[in-house]
Amino acid sequence: MRLCVDKNGFRQDFELVGEQVHEINKLTVIASESYEAFAKGLQSEIAATLKDRPQKAEVGYFVGKVVMNEKEEEHRLTEDDAKKLNKLLYKHDVIDENDKITPEGRELIEQNKMPLPEHLEPYRESIGRLLKSVYTGEPFKPEDERQTIMLNTNSNFRKREFQELWEKINLKTIYEVKFDTEKLINDSKIRINAQLNIGDRVYEVKTGELQDGTKEQLQEGSLVKESGRQYLKLKNDLYTNTVYDIVGEIEARTNLTRRTIVAILKSIKEEKFLLLRKNPEEFIAKCSKLINEVKASLIINNIVYHKIEERYDAKTVFTNDKFALRNSDLLRKHIYDYLTSDSKIESDFARALENSTEVVVYAKLPKSFYISTPVANYSPDWAIVFDKDKVRHIYFVAETKGSDSDIDLREIEKLKIHCASEHFKEISGNEVKFEKVSRYDKLLEIVKLK
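Throughout this document, residue positions are counted from 1 along each chain, in the order its sequence is written. Only residues with pLDDT of at least 70 get local features here, since the model is predicted, and only at 80 or more are side-chain atom pairs given and counted; chain-wide, interface and lining totals rely on the full set of residues. Where side-chain values are given, they derive from all heavy atoms of the structure, hydrogens and water being excluded.

J.: Whenever I open this one, the sheet that holds strand E9 (residues 359-364) confuses me. Can you help?
T.: Sheet strands pair by backbone hydrogen bonding; their relative direction is either parallel or antiparallel. Taken in spatial order, the 4 strands make up an open sheet running E9-E10-E11-E12, and their pairing is mixed. Every interior strand has two partners, whereas the edge strands, E9 and strand E12 (432-437), have only one. With strand direction ignored, the average angle separating the axes of adjacent strands in the sheet is 20°. One ladder, built from 5 bridges, connects E9 with strand E10 (residues 382-386); its direction is antiparallel. Paired with Val-359 across the strands is Phe-386, a residue of E10. Against the sheet, helix H17 (residues 411-428) touches strand E11 (395-400) and E12, its axis set at about 165° to E12. By the convention used here, strands pair only if DSSP detects at least 2 bridges between them. Put simply, DSSP H or I for four residues or longer makes a helix, DSSP E for two residues or longer makes a strand, and each gets a number counted from the N terminus. Lines fitted to C-alpha atoms define the axes here, with helix axes fitted over just the stretch in contact, and angles between the N-to-C directions of these axes take values from 0 to 180 degrees. Here, residues are in contact when the closest pair of their heavy atoms is within 4.5 Å.

Shown next, in the form of structure tokens:
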């Protein structure tokens, strides 16, 4: 969509058509996301493409590329292969003196009729794709270099140390909770009256253009310049013929009885309840969130976990249908070869675990391993086994957050972490420690070196 092609599908670059191509190639995009997110994403995509896209069919471009024949046998192009190929392509006008592919050369490549050295004939299809990538911009990769791979557990999973940890943490629990319903109703009323605000339905229109510049400026995200913004009020009434079960929706989000929810809604100020008319969906979402925060603050000191006979099955939890980016680092101590998360905090934490001489084996826990809580199922981040000769606490389950302070957590997050702590105490006593940490060095302080 971004670049024009002619009737044969060839892209109309500046070199072939001239300056007027930029007027033809102007593309207006109406983004379905925030302007900032779209602008940043667009520039990142373009920068990544520019990084990978070859500019010329020169000798250096071919050297080291892996090509395949029909039997899927690989051949890595040598410098001698590259020189012979480049020379032959130039001799037959597939490329010009600057190693750029000519219009005639494109036609030959598209028809798979470009000249090749005799010893490279078995790899014609693969070399054709290699040449196409110069003018299409599509990165060339051999068949076995896909972006993602399926993950299977490796030998670390079978280590005695990890299996011992798994036996200690795979027990399930149920929780028992008691709180004062009247206090819940009263505290919810106070919080909704104080914090519930629903504005007019407005939308913002931002416009901007991608400017000329360098690849470095693209990577910095500084080439899309905002040229205008406008706030507009939505005038038509979206909800005239829409029927909502307000109580039922809030019940589903809070797990409270209808009677309790009705009592809360009847107790709030009339002006707050009438905000429902502005935007029923926002009213439901915000009321549910505020009620859940009140509920979390009341439950946190009134919840008890009980161990049951059921256990998580390793074959179910550590399934083979997980995928990871192949270009991530190969891991040595993880139960998988690659990390499944793209979070910087988690990537940095995993790197520290890999480099630590105190760590024997660790796992990024899947979402299918979770602890039941009154607000939602909660999945901890990491299970770690430390070297028993170097630390005092060998078995550890950790949650990585951007801050070590509980003040930065919402009430619901505090409750989930508190529930996890109570769960692990119940199933293992003090053998398995659970903590929220921001960095590995904070974890090491808790583990305590010998």
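J.: I tried to follow the side chain of Thr-254 on my own but got confused; where do I start?
T.: Secondary-structure assignment places Thr-254 in helix H11 (residues 246-254). Its relative accessible area of 1% is what places Thr-254 among the buried residues. In protein, a polar contact means a hydrogen-donor-capable atom and an acceptor-capable atom, both N or O and within 3.5 Å, with residues adjacent in sequence counting only if both atoms are side-chain atoms; elsewhere, any N or O pair within 3.5 Å suffices. For Thr-254, the side chain forms a polar contact with the main-chain oxygen of Ile-250, separated by 2.8 Å. Ignoring sequence-local partners within four residues, the contact set of Thr-254 consists of Ile-261, Ser-288, Ile-291, Asn-292 and Lys-295. Think of it in three bands: with a 1.4 Å probe and only protein chains considered, a residue is buried below 20% of the maximum accessible area for its type, exposed above 50%, and partly exposed in between.

J.: How should unusual backbone geometry be read in this particular structure?
T.: For residues besides glycine, phi is generally negative; the peptide bonds are generally trans as well. In the Ramachandran plot, Asp-99 falls in the positive-phi region, its phi being about 65° despite a non-glycine side chain. By relative accessible area, Asp-99 is classed as buried at 19%. Even without being glycine, Asn-112 reaches a positive phi, approximately 60°.

J.: Would you mind showing me how to read the packing of H11 against helix H12 (residues 258-267) here?
T.: Describing two packed helices takes the angle between their axes plus the distance from one axis to the other. Packing of H11 against H12 leaves a shortest axis separation of 9 Å and a crossing angle of 115°. The orientation of H11 with respect to H12, classified from their angle, is roughly perpendicular. In the crossing of H11 with H12, the sense of the turn from one axis to the other is right-handed. Two secondary-structure elements touch here, H11 through Ile-246, Val-247, Gly-248, Ile-250, Glu-251 and Thr-254 and H12 through Arg-258, Ile-261, Val-262 and Leu-265. Classification convention: Asp, Glu, Lys, Arg as charged; Ala, Val, Leu, Ile, Met, Phe, Trp, Tyr, Cys, Pro as nonpolar; all other residues, Gly among them, as polar. Of the residues that constitute the contact of H11 with H12, the class distribution is 6 nonpolar, 2 polar and 2 charged. If an angle is under 35 degrees, it is roughly parallel; if it is over 145, roughly antiparallel; if it lies from 65 to 115, roughly perpendicular; otherwise it is oblique. Crossing handedness is read from the near helix: turned anticlockwise from the far helix by less than a right angle, it gives a left-handed crossing, and turned clockwise, a right-handed one.

J.: Where do I start with the pattern of salt bridges in this structure?
T.: Working definition: two side chains of opposite charge can pair if their charged atoms are close together. What counts as a salt bridge is simple: a side-chain nitrogen of Lys or Arg found within 4 Å of a carboxyl oxygen of Asp or Glu. Applying the stated criterion across every chain yields a total of 24 salt bridges. Between Asp-381 and Lys-364 there is a salt bridge whose closest N-O contact spans 3.8 Å. Residue Asp-381 is found in the loop between E9 and E10, and its partner Lys-364 is found in strand E9; the two are separated by 17 residues along the sequence. For the residue pair Asp-381 and Lys-364, the accessibility class agrees, reading buried in each case. A single salt-bridge network, built from bridges that share partners, covers Arg-160, Glu-161 and Glu-164.

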